[in-house]
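Next come the chains, spelled out residue by residue.
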Amino acid sequence: MELPFFYLFAAGIVGASLLMVTRANVIHAALSLVLVFLFMAGLFVLAGAEFLAGVQILIYAGGIMVLYLFSIMLMNVGVAVRLRQWHRQSALAFLAAALLALEVWVVLWKVSLPAGKAWPWQLGQTPGNVEALGMVLYTKFLFPFEVASVLLLAAMIGAIVLAKRQITR
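Keep in mind it's a predicted model, so treat the numbers as computed, not measured.

Peer 1: Tell me about the overall build of the chain, and please be specific about residues and values.
Peer 2: Within the chain, the secondary structure is distributed over seven helices and zero strands. Taken from the N to the C terminus, the helices and strands of the chain come in the order α-α-α-α-α-α-α. Counting every position in the chain, which comprises 169 residues, the buried fraction comes to 13%. Contacts spanning at least 24 positions in sequence make up 60% of the contacts within the chain whose residues lie at least 6 apart.

Right, dumping it as structure tokens:
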């Protein structure tokens, strides 16, 4: 019963991602990104990680998208749309996409489960998602977690400084 939902969510992620990168209007692209986040939350629910699904919806589809939309509204979109968007990089982009597709195909071809073997657990039966995430995040990955938060803060301050044309006193 889970397989049709997996295919539905996976197709939704691919479709919304394609919509996101092909839209000329940045607001429409951002809304397509919200749709990608919601489909990802559906995949997390299927995998039995309900906490991560909730975090995906609250943090990414809620908070991060508000930050993206504020950033879009702060920049001068009219000028950015009139600027030349394509810099003769389509051949390089196609080559990079082909190499990435080849790499994914090779990895999927070589990494297959032997016949008769299955995963040692069923979906939704992994022990303690929240506890395991907290233990790993705040023990092994505490320093990268803090560095990422400082980098996000610096990027937000930089975006505000760049968006503000003149400082009023």
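Peer 1: Tell me what's going on with the nonpolar core, and back it up with residues and numbers.
Peer 2: If you look at the biggest cluster of nonpolar residues, it comprises seven residues: Ala 30, Leu 33, Val 34, Phe 37, Ala 61, Met 65 and Ile 72. Put simply, the parts of the chain that give this core at least two residues each are α2 (26–46) and α3 (50–74). Sort the elements by how many residues they give to this core and α2 lands first, with four residues. What Ala 61 contacts, discounting residues up to four positions off in sequence, is Val 34, Phe 37, Leu 38 and Gln 56.

Peer 1: I'd like a rundown of the layout of surface pockets, residues and numbers included.
Peer 2: Estimates place the volume of the largest pocket at around 960 Å³. Taken together, the elements giving at least two residues each to the lining of the largest pocket come down to α3, α6 (129–140) and α7 (142–163). Examining the composition of the lining of the largest pocket, we find that twelve residues originate from one element, α3, more than from any other. Considering only residue class, the lining of the largest pocket consists of 25 nonpolar, five polar and one charged. Residues from two domains meet in the lining of the largest pocket; each of domain 1 (1–83) and domain 2 (129–169) gives at least three.

Peer 1: Kindly report on α2, identifying the contributing residues and their values.
Peer 2: End to end, α2 covers 31 Å across 21 residues, agreeing with the expected 30 Å (1.5 Å per residue, within 8%). Along α2, the positions that sit buried rather than exposed are Ala 29, Ala 30, Ser 32, Leu 33, Val 34, Val 36, Phe 37, Ala 41, Gly 42, Leu 43 and Leu 46. Buried residues belonging to α2 abut α1 (2–22) and α3. Just beyond α2, the residue with positive phi is Gly 48, at close to 85°.

Peer 1: Requested: an account of the packing of α1 against α2, with residues and values cited.
Peer 2: Packing of α1 against α2 leaves a shortest axis separation of 8 Å and a crossing angle of 160°. With respect to each other, α1 and α2 are oriented roughly antiparallel. Here the hand of the crossing between α1 and α2 comes out left-handed. On α2, the residues that touch Glu 2, Phe 5, Phe 6, Phe 9, Gly 12, Ile 13, Ala 16, Ser 17, Leu 19 and Met 20 of α1 are Ala 29, Ser 32, Leu 33, Leu 35, Val 36, Phe 39, Met 40, Gly 42, Leu 43 and Leu 46.

Peer 1: With reference to specific residues and values, describe α1.
Peer 2: Over its 21 residues, α1 runs 30 Å from end to end, which matches the ideal 30 Å to within 8%, given 1.5 Å per residue. Of all the residues in α1, the buried ones are Phe 9, Gly 12, Ile 13 and Ala 16. Seen end-on, α1 carries its buried residues on one side only, within an arc spanning 100°. Opposite the packed face of α1, turned more than 90 degrees from it, sit the exposed residues Leu 3, Pro 4, Tyr 7, Ala 11, Val 14, Leu 18 and Val 21.

Each value, and the rule that gives it
Residues numbered from 1 in each chain as written. Predicted model: local features only at pLDDT ≥ 70, side-chain atom pairs only at ≥ 80, totals over all residues. Heavy atoms only, no water. Helix = DSSP H or I, 4+ residues; strand = E, 2+ residues; numbered from the N terminus. Buried < 20%, exposed > 50% of the residue type's maximum accessible area, 1.4 Å probe, protein only. Contact = heavy atoms within 4.5 Å. Core = buried A, V, L, I, M, F, W, Y, C linked by side-chain atoms within 4.5 Å. 1 Å grid on protein atoms, 1.4 Å probe; cavity = no way out; pocket = protein on both sides within 12 Å on 5 of 7 lines; lining within 4 Å. Points joined across faces, edges and corners; volume = space filled by probe spheres on them. Nonpolar A, V, L, I, M, F, W, Y, C, P; charged D, E, K, R; others polar. Domains from an automatic or database assignment. Expected span 1.5 Å × (residues − 1). Axes fitted to C-alpha atoms, helices over the stretch in contact; angles between N-to-C directions. Parallel < 35°, antiparallel > 145°, perpendicular 65-115°, else oblique. Left-handed = near helix turned anticlockwise from the far one by under 90°. Arc of directions from axis to C-beta.

All we've got here are geometric facts, nothing functional implied.
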